[in-house]
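# A closer look at the structure
Listed below are the residues making up each chain.
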Amino acid sequence: MFIYLSKKIAIPNNIHLKCVSWNKDQGFIACGGDDGLLRVLKLETQTDDARLKGLAAPSNLSMNQTLEGHSGAVQVVTWNEQYEKLTTSDQNGLIIVWMLYKGAWCEEMINNRNKSVVRSMSWNADGQKICIVYEDGAVIVGSVDGNRIWGKELKGSQLAHVAWSPDSRILLFGMANGEVHIYDNQGNFIMKMSISCLASASGAVSISGIHWYAGTGGYVEPDCPCLAICFDNGRCQIMRYENDENPVCVDTLMNVVSIQWNHCGSVLAVAGSLRASNMEKEFNVVQFYTPFGEHLRTLKVPGKQMSGIAWEGGGLRIGLAVDSYIYFANIRPDYKWGYCCSTVVYAYTKPERQEYCVVFWDTKNNEKFVKYVKSLMSITTSGDFCILASKADETQPQEDAGSESGSPAKYVLILCNSIGTPLDSKYIDIDPLFVTMTKTHVIAASKEVFYLWQYRVAKKLTALEINKVTKTKKGVQERFYHIDSNPSGTSDGGTDLSKAFARTRDPICGITATDKTLIVARESGSIYRYILPNVSLIQKYSLNNRAYYLSLNCNSSRLAIIDIAGVLTLLDLEVRSAAGDGTGNQAGAGDPSKFERKDVWDMKWANDNPNLFAMMEKTRMYVFRDLDPEEPIQTSGYICNFEDLEIKSVLLDEIMKDPERPNKDNLINFEIRSLRDSRALIEKVGIEDASQFIEDNPHPRLWRLLAEAALQKLDLKTAEEAFVHCKDYPGILFVKRLGNLQSEPMKQAEVAAYFGRFEEAENKYQGMERRDLAINLRIKLGDWFKVHQLFRNASVASDDALLQQANNGIGDYYADRQKWVEAENFYRDGCNEEKLAECYYMLEDYTGLEKLTADLPEKHTLLQDIGQMFSNVGMCEQAVNAYLKCNQPKAAVDTCVHLNQWNKAVELARTHNMKEIKSLLSKYASHLLENNKTLEAVELYRKAHHFLDAAKLMFKIADEEAKKRSRPLRVKKLYVLAAQLVENYHEQVKTSQQSKATENKSKATFALAGLLEEDATSSDNRIIDNAWRGAEAYHFFLLAQRQLYAGHTENAMRTALHLREYEDIIPAVEIYSLLALCSAVSRAFGTCSKAFIKLESLESLSPEQRQLYEDLALEIFTKYPPKDSRMIEADLPAEGSEGKVPTCIVTGLPIQEYQFWMCNVCKRCALEQKISRNSYCPLCHSPAA
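Residues numbered from 1 in each chain as written. Predicted model: local features only at pLDDT ≥ 70, side-chain atom pairs only at ≥ 80, totals over all residues. Heavy atoms only, no water.

- Looking at an unreviewed UniProt entry, one finds the protein chain named WD repeat-containing protein 35, with Kryptolebias marmoratus as its source organism.
- Looking at the Function (unreviewed entry) heading of the UniProt record, one finds this comment for the protein chain: "As a component of the IFT complex A (IFT-A), a complex required for retrograde ciliary transport and entry into cilia of G protein-coupled receptors (GPCRs), it is involved in ciliogenesis and ciliary protein trafficking. May promote CASP3 activation and TNF-stimulated apoptosis." (UniProt positions renumbered as here; feature names shortened; annotations may be inferred.)

Laid out in structure tokens, this is it:
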């Protein structure tokens, strides 16, 4: 940052000031002094020039009001910005609250305790409460409307200062003895603050100021120190919070009277006096520090006694109360910003975010791109790229972080393009206090080490630059050099980090570089010059002052140096000393010019002229050519770019007022004098005199200006000479082409088109009846609307091909803007089927897309894309039609598979003799099975008519459920479904045989062929032959239990006896347990005994279970003899008898009658009188016909 005194306002009658305060929102300045002096001032800019903004604009007092009401010296003034109130207090303890009414300040409230004097007053962050402290220890907290909230007497304490915490929960009271006490917002004592900065101090001290920054402008980094406490002996501590155990301690070595943070908490101003070592007299100074205690600047202020300091709301000015004057100083902040590729890159803080908001503002298109970076340190730009240096985020992975200790790197350099896209990054261990970059290298430096990173991006490089990059070894893309080393450039020894952190007595204070030269400045005033890219130290220079800013001109022949006092000097690097011993005694080497300018805070060399540069001196911009200054330009902008005799400047002060909405009005272009004079000569004198002036002051921009003026007047000879001088080969060719034209109007039209006056050129072509040239002009410009209009207005026949091209061009215009309805009309007129299909697809006009499919010829390449469009939206039939029309049956089958239309897929595969469908089904089914989606695989096979495969999976599911002892009804349903799939398989085989049959074959032949095919293809006869066995088993198992619960115990027993045939499906223990239960209930103890015998002999039972059965049998059969009440076995068919009597699926009893009912599906039987009550088959649930 740079600071300089800019204005002084005298207080009448030489009344000495005691305090000053600046309203940060409305801009009012209040100052109080002896004899009851209280004045409110306001500085406002008054200018008609739009370019004069900010500090460069003249400012006058728009308000200078004396407020009457105090009789004693006014000692405390404080603003309430939220409610536009001013609170003041004098030496008599009188407190007055002032309000703004009709443009003037008047009294609103008065309070006088009449006991003691007010030492300090402070409003909280939201302006709702004020805390007033008296010298005798009294504390009063009141509301904004004048009500007293609470009061307290701190016995035995003399109060001097008060401050609110940002959240208004804590009050800090500064005591007269230098202690700071912490209280809550209700006046309850919490603790004494630890004052670390006074650890080695002796003697009595008093507090000069307490200021707790409220965070209204954001923080420079997370967990940033914001509470400053300073003492009259110059000791100061800056804390993160009220009980911070590790505060930042600073010794300012001055007598401090007041401190204050700026608007965003990035700079702390400390005002007071300093005694020089060689002078007895003290002089007033303001020291500026960062929140981390780093000294930024010192401002000397005239006068005897400074009494107060106040920041302006934007942080661009400070007001100083000195004797009977108010001094104003302008501040040029060190914004984090840069300029690359017509893009202004700048950073600012937001109160709601911890990160810096980095804005990439494209000034050509007025577009901005935002990127958030935590703990941003600097922004450096060069060419088309920028480097963001920041502290590394510990939570993010560090891919290339490589420190010697193995710990994560602390800092990161991010290479971005002009829209903020990260292209590369490097993690480093050195603190990148100074960063510069060239086309191929990024150089970062700490106080001891500088680091080179050769970055590579996809960009345009000359052949020489590419050769230089490719020759560099991969291992030396990153190199570290200690400032005390003397690299020769012959070895790669700079990569050793072990010596990188060694301390140096002469730290680095600045760097700059071009493609071939690196300059490093040290605090002693030494300047080191290295050759790039090999990094060889070739010369040392000695200066009298410490450098703050360095800049090399475009050919690295001259170095500009701005020191910490704002003095600009130049150092000529081309002059070499005769004795090249490499020591520091070469002050005469490189004879510097006698050039010197003071109060300089910015400068920029021209990119195309080594003797041309612009510099900012206070609020004036000077342009120097060969060290001769032009007349100054009044501005406060930061110089972005100096090229083609034009200076581009950005008013960052204005942008930072509303950083989210940058305005092009804040970007200003200045033409230097030679360009202005040349333009004036051409306009007022003539081309010949202007040509002579440009020959005396040659520059490509001036020759181009002359060439353009000569073209306007069709002076082709002068234009050609000028184009030759500025090496504009396309311009030379254009002049040659103009010379071959005979018609004067034709030349004028071509010149108008060359300068971009296309309407004028078109009118001239039309006037010559050369509509074809007008059309060609619009085609070159891509203005298809004009081309279409010219065709429509033509009275003769149009070129159909060009008309179609125009229609397609307009269609592209609408399509780029997502206006598909308008695009469709023009694409149709342009016969562009491909784009028309895209429009139909985007409009979801599938009818139109289907019609387009029908209109296209077979094997048209667009049909495949249309098929994909239909497939994307699930329209299988239309997609298949499109694929088949372009002879892509495989794509059609793939679409059917993708959309789960397996029937269609199988049909297509068979129609086109494709064998892949079987393997495809298997792969998909395997995938489903791997993911435990067995039912989905069953459904897949079923839809694809692979019923047997589906049945196998279904039987597998049913068997697993049975083993898990799931509910019997669920298991029965699964077996029924599996058997149904087998029946579907039988029907499929039968149908396929019938379709192959000829007219002379009989039905018996069909049936026989079907059976033979089943036998040939079936690998699992159990599934084919006994499909219904599992369902039948669980049907009877459920039937027996229903009969038992219904009280039909004998029928239940007979059904349970029938279950003995299904021991392979239902566990035997369940069958015989059920049989034992049913027979015991029906008092057939003989059958029950046999069931128990079977249970006790089962090997699957554990000994404990077997013992339980034995105990239960003993209990039953000691009471009841093991005999049936009647012959049960006689009712059952004898084993081995011929023929098996069917069992009724309704009652579970054997069918002894000759006539019975049989199900058409499961082929199971039932008694006719029993089934007549049912509408469906009890087993398979098919309709009972």
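## A short note on the packing of aromatic side chains
- As enumerated under the stated definition, the model contains 38 aromatic pairs in all.
- Centre to centre, the rings of W337 and Y638 are 5.9 Å apart; their planes meet at 75°, and the pair counts as edge-to-face. Placement of W337 in strand 29 (residues 337-340) and of Y638 in strand 54 (residues 638-643) is noted, with a sequence separation of 301 residues between them.
- You can call Y638 buried: its relative accessible area is 6%.
- A ring pair is formed by F450 and Y481, whose centres lie 5.5 Å apart and whose planes are at 20°; its orientation type is stacked. Note that F450 is positioned in strand 39 (residues 449-454) and Y481 in strand 40 (residues 478-482), a separation of 31 residues in sequence.
- A relative accessible area of 5% places Y481 in the buried class.
- Through a chain of ring-to-ring contacts, three or more aromatic side chains come together here, namely F595, W605, F613, Y622 and F624.
- Seen from the ring of F283, K300 lies directly overhead, with NZ or CZ sitting 5.3 Å from the centre.
- The ring of F292 is capped by K391, whose NZ or CZ atom sits 5.7 Å from the centre of that ring. (Phe/Tyr/Trp six-rings, centres within 6.5 Å; stacked < 30°, edge-to-face > 60°. Helix = DSSP H or I, 4+ residues; strand = E, 2+ residues; numbered from the N terminus. Buried < 20%, exposed > 50% of the residue type's maximum accessible area, 1.4 Å probe, protein only. Lys NZ or Arg CZ within 6 Å of the ring centre and 35° of its normal.)

## Observations concerning the sheet that holds strand 41 (residues 508-513)
- Read from one edge of the open sheet, 4 strands run 41-42-43-44, paired in antiparallel fashion. Strands at the two margins of the open sheet, each flanked by one partner only, are strand 41 and strand 44 (536-542). The mean inter-strand angle of the sheet, taken between neighbouring strand axes irrespective of direction, is 20°. (Pairing = 2+ DSSP bridges. Axes fitted to C-alpha atoms, helices over the stretch in contact; angles between N-to-C directions.)

## Comments concerning the pattern of salt bridges
- Counting across every chain of the model gives 46 salt bridges.
- Linking E478 and K426 is a salt bridge whose minimum nitrogen-to-oxygen distance equals 3.2 Å. Within this pair, whereas E478 is found in strand 40, its partner K426 is found in strand 36 (residues 422-428), the two being separated by 52 residues in sequence.
- Here E478 falls in the partly exposed class, since its relative accessible area comes to 28%.
- For E1070, the salt bridge goes to R965, with nearest N and O atoms at 2.9 Å. Of this pair, E1070 sits in helix 28 (residues 1068-1081) while R965 is found in the loop between helix 22 (947-963) and helix 23 (968-996), placing the two residues 105 residues apart along the sequence.
- The class of E1070 is buried, set by a relative accessible area of 19%.
- Connected through shared salt-bridge partners, E759, E762, R778, D783 and K786 make up one network. (Salt bridge = Lys/Arg side-chain N within 4 Å of Asp/Glu carboxyl O.)

## Some details on the sheet that holds strand 36
- In spatial order, the strands read 33-34-35-36; together these 4 strands make up an open sheet with antiparallel pairing. What marks the edges here is a single partner per strand, and that holds for strand 33 (376-382) and strand 36. Direction aside, neighbouring strands of the sheet carry axes that sit 15° apart on average.
- As paired elements, strand 33 and strand 34 (residues 385-391) share 6 bridges and run antiparallel to each other. Following the sheet pairing, T380 is matched in strand 34 by I387.

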